[in-house]
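This is what each chain is made of:
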Amino acid sequence: MAKDKKITRRGFLHSATTLAIGAIGGTMIAKSSKDNTVWQIDPDKCTQCEKCATECVLPLSAVKCVHAYDVCGYCELCGGYSTSDATKLDTAAENQLCPTGAIKRTFIEDPYYEYSIDEEKCIGCAKCVKGCGAFGNGSLYLQVRHDRCVNCNECLIAKVCPSDAFVRVPAKKPYLLRGDQGQNT
Amino acid sequence: MKNIQLKHFLILLTILLIAFNLFGEDRFPKPEFETDYQQPKTTAPLPDDSSFMDMVDIFALFLGLTLASILSLKKRSRRGIFFLTVLSVLYFGFFRKGCVCSVGSVQNFALALGNVGYKLPLVVGLMFMLPLVFTLFFSRSFCSSICPLGAIQDLLVFKPLKVPTSISKVLSIIPYAYLGFASLMAFTNSGFIICRYDPFINIFRLCAGLQQMIYTAAFVVVSVLIARPYCRYLCPYGVLLGWMSWLSPRKVTITPDECIQCKLCENSCPFDAIQKPSPEKAPESRAEGTRRIGILLVAIPIVMFISGFALSKLDTVLSRVNPTVRLAEQVRLEDEGLVKETTLESRTFRSQDKTTDELMTESNHIINQFRIGGWVLGAFLGLVFVMKLFSLSIRRKQEDYITDPVNCISCGRCWETCPIEHKRLKLDA
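Residues numbered from 1 in each chain as written. Chains lettered and ligands numbered in written order. Predicted model: local features only at pLDDT ≥ 70, side-chain atom pairs only at ≥ 80, totals over all residues. Heavy atoms only, no water.

1. Overview of the pattern of salt bridges
- All told, the structure shown has 21 salt bridges over all chains when counted by the stated rule.
- A single salt-bridge network, built from bridges that share partners, covers Glu119(A), Glu120(A), Arg145(A) and Arg148(A). (Salt bridge = Lys/Arg side-chain N within 4 Å of Asp/Glu carboxyl O.)

2. Section: the packing of aromatic side chains
- Within this structure, the stated rule accounts for 24 aromatic pairs over all chains.
- Between the aromatic rings of Tyr74(A) and Tyr37(B), the centroid separation amounts to 5.6 Å while the plane-to-plane angle is 80°, which identifies the pairing as edge-to-face. A residue pair is termed interchain when its members come from two chains, as with Tyr74(A) in the loop between β2 (63-67) and β3 (103-109) and Tyr37(B) in the loop between α1 (2-22) and α2 (50-75).
- The cationic tip of Arg105(A) hangs over the ring face of Tyr113(A); the distance from NZ or CZ to the ring centre is 4.1 Å.
- Arg178(A) extends its terminal NZ or CZ atom over the ring of Tyr141(A), reaching a point 5.4 Å from the ring centre. (Phe/Tyr/Trp six-rings, centres within 6.5 Å; stacked < 30°, edge-to-face > 60°. Helix = DSSP H or I, 4+ residues; strand = E, 2+ residues; numbered from the N terminus. Lys NZ or Arg CZ within 6 Å of the ring centre and 35° of its normal.)

3. Let's talk about the packing of α2(B) against helix α3 (residues 78-95) of chain B
All names here are of chain B.
- Where α2 meets α3, the closest approach of the two axes is 10 Å, and the angle between their N-to-C directions is 165°. Classified by the interaxial angle, the pair formed by α2 and α3 is roughly antiparallel. Handedness of the crossing formed by α2 with α3: left-handed. Here Met-53, Val-56, Asp-57, Ala-60, Leu-61, Gly-64, Leu-67, Ala-68, Leu-71 and Ser-72 of α2 come into contact with α3, specifically with Gly-80, Ile-81, Leu-84, Tyr-91, Phe-92 and Phe-95.
- Residues that form the contact of α2 with α3 fall into these classes: twelve nonpolar, three polar and one charged. (Axes fitted to C-alpha atoms, helices over the stretch in contact; angles between N-to-C directions. Parallel < 35°, antiparallel > 145°, perpendicular 65-115°, else oblique. Left-handed = near helix turned anticlockwise from the far one by under 90°. Contact = heavy atoms within 4.5 Å. Nonpolar A, V, L, I, M, F, W, Y, C, P; charged D, E, K, R; others polar.)

4. What about the interface of chain A and chain B?
- Chain A puts 65 residues into the contact, and the matching count from chain B is 67 residues.
- Together chain A and chain B conceal approximately 5500 Å² of surface at their shared face, both sides included; 61% is due to carbon and sulfur atoms.
- One can count one salt bridge joining chain A with chain B.
- Of the charged contacts, one joins Lys51(A) and Glu345(B) as a salt bridge, the two residues approaching to 3.3 Å between their closest N and O atoms.
- In this structure, the connection of chain A to chain B is made through 17 residue pairs in polar contact (both at pLDDT 80 or more).
- For the side of chain A that touches chain B, the secondary-structure elements that each account for two or more residues are α1 (2-31), β2, β3, β4 (112-117), α3 (127-135) and α4 (156-160) of chain A.
- Considering every element that reaches the side of chain A that touches chain B, the biggest residue donor is α1(A), with twelve residues.
- The residue makeup of the side of chain A that touches chain B, split by class, is 30 nonpolar, 18 polar and 17 charged. (Buried area = accessible area lost by both parts, 1.4 Å probe. Polar contact = N/O pair within 3.5 Å; in protein donor to acceptor, adjacent residues only side chain to side chain.)

Written as structure tokens, this is what we have:
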């Protein structure tokens, strides 16, 4: 008799919980977004604080500098490439702003140079981004590279970013690019 | 007169030029190249096709849960569960890098509750709900072999030590506190601590800094000595699963038939989840037990109120974990001239166009959330504490060896010690 009563009590709780879970689950699914999100940097909000280089869970940050070529002026004197106190505008290491020498400079035609990023070397410190934004067109900027990013549930860089530049963007449109690519994609 | 006008015009022009320059772009217009130079495109490598992989993940989770439930309740195959465990470590762990997982999805749920701007992605919602639903009907088969965190610890169970019951009982309160604080942190958008202190994710990612490596290594060593330490003494999701499992009508049984009380299974559970028959002689008289339960019943609302009150009073202290609240405090101190040094965050804040008032409103909103959350969390922890005492006081008459309805994780290690199981296997063969 007592045993029967116990079973019904637990059985009742079981049914009640099933209903509750069904209700919560139903509401949740109705309210949830069908699109997954990934992390990305809004280049307009980024203040180049250099935290992206050190705060990523990956030993080599998934944040890299990218180059919007059609925004670039192809200058010989590049604020993103050379240090402000560079004695010569050459490729000598002491004249380069990038601490890892990740920016490749290629001569195109007089007086223009193309600058490209070697992602294997880039650590995402944004020193070049700062230089380019201060003296140039702002064609160098940081982006989360999705071939590297492990898309953590909560991004550790996002939590320390002082300017809220880390945002969740739809996985279908995972970049916030500058220049003509930014408008099209 | 004309000269002055010209001067004004020039000044205006300079200001306009400066303003235009501040805009950044187009200081140096793109050159017209004479050679046939082709401008490269910025590469944009896509993430894994997430919508497809999400479906695969949910399908794998569903299939895994179904298989684990059949293996633990119907087939009683320890070997099958073991293979499923290995598969889960390989797929959910190493292949999918252990993220997003059901354990962490609790925080997404709390974040969606506290922040209108955040929409819970469907796949995360399903990750959260599916194991709960399965556990409500088929016990904790999720823990046995599907959860990548549980699975990797299960593979480390070699020669575990027995944790004294008293210590185990005290430690088992930690998951409730962890669940509560992690939910509060996520609710207030202060960070995902479950993810941050996930000890095994570094193994799945196969890369970590020195500090994390030491942390992970420590957990691996402890896991060898104490079976599934994370599951038993930390896992916040396990709290919810425990409740579901308690309600579940189908549970893993040690014996396939009637228990003969041979005691052979007594020490077979490395997780201390076998309930022994209740002792014949009651340790105290019935009246004494009833009296204590009465006291505890009266204590429930009082303890809940006191701890809720205490935690809600800690709102300013607790809310300091939130970066926005910290920034607002720093900005206030700077404005009042109480601190000289500025921080990177405060300098960045001042360089942007958000006003101090907006920041203070935001900060106050979060502190308010902490106060309400503190009430809920305090009441919850108070209830848990009294209920733990309650469960120590309640004695159920029980004659057989049974699996613990809350803590059994359906791994099936006890089956092979049961002589009736041996008989069944021989009959089957």
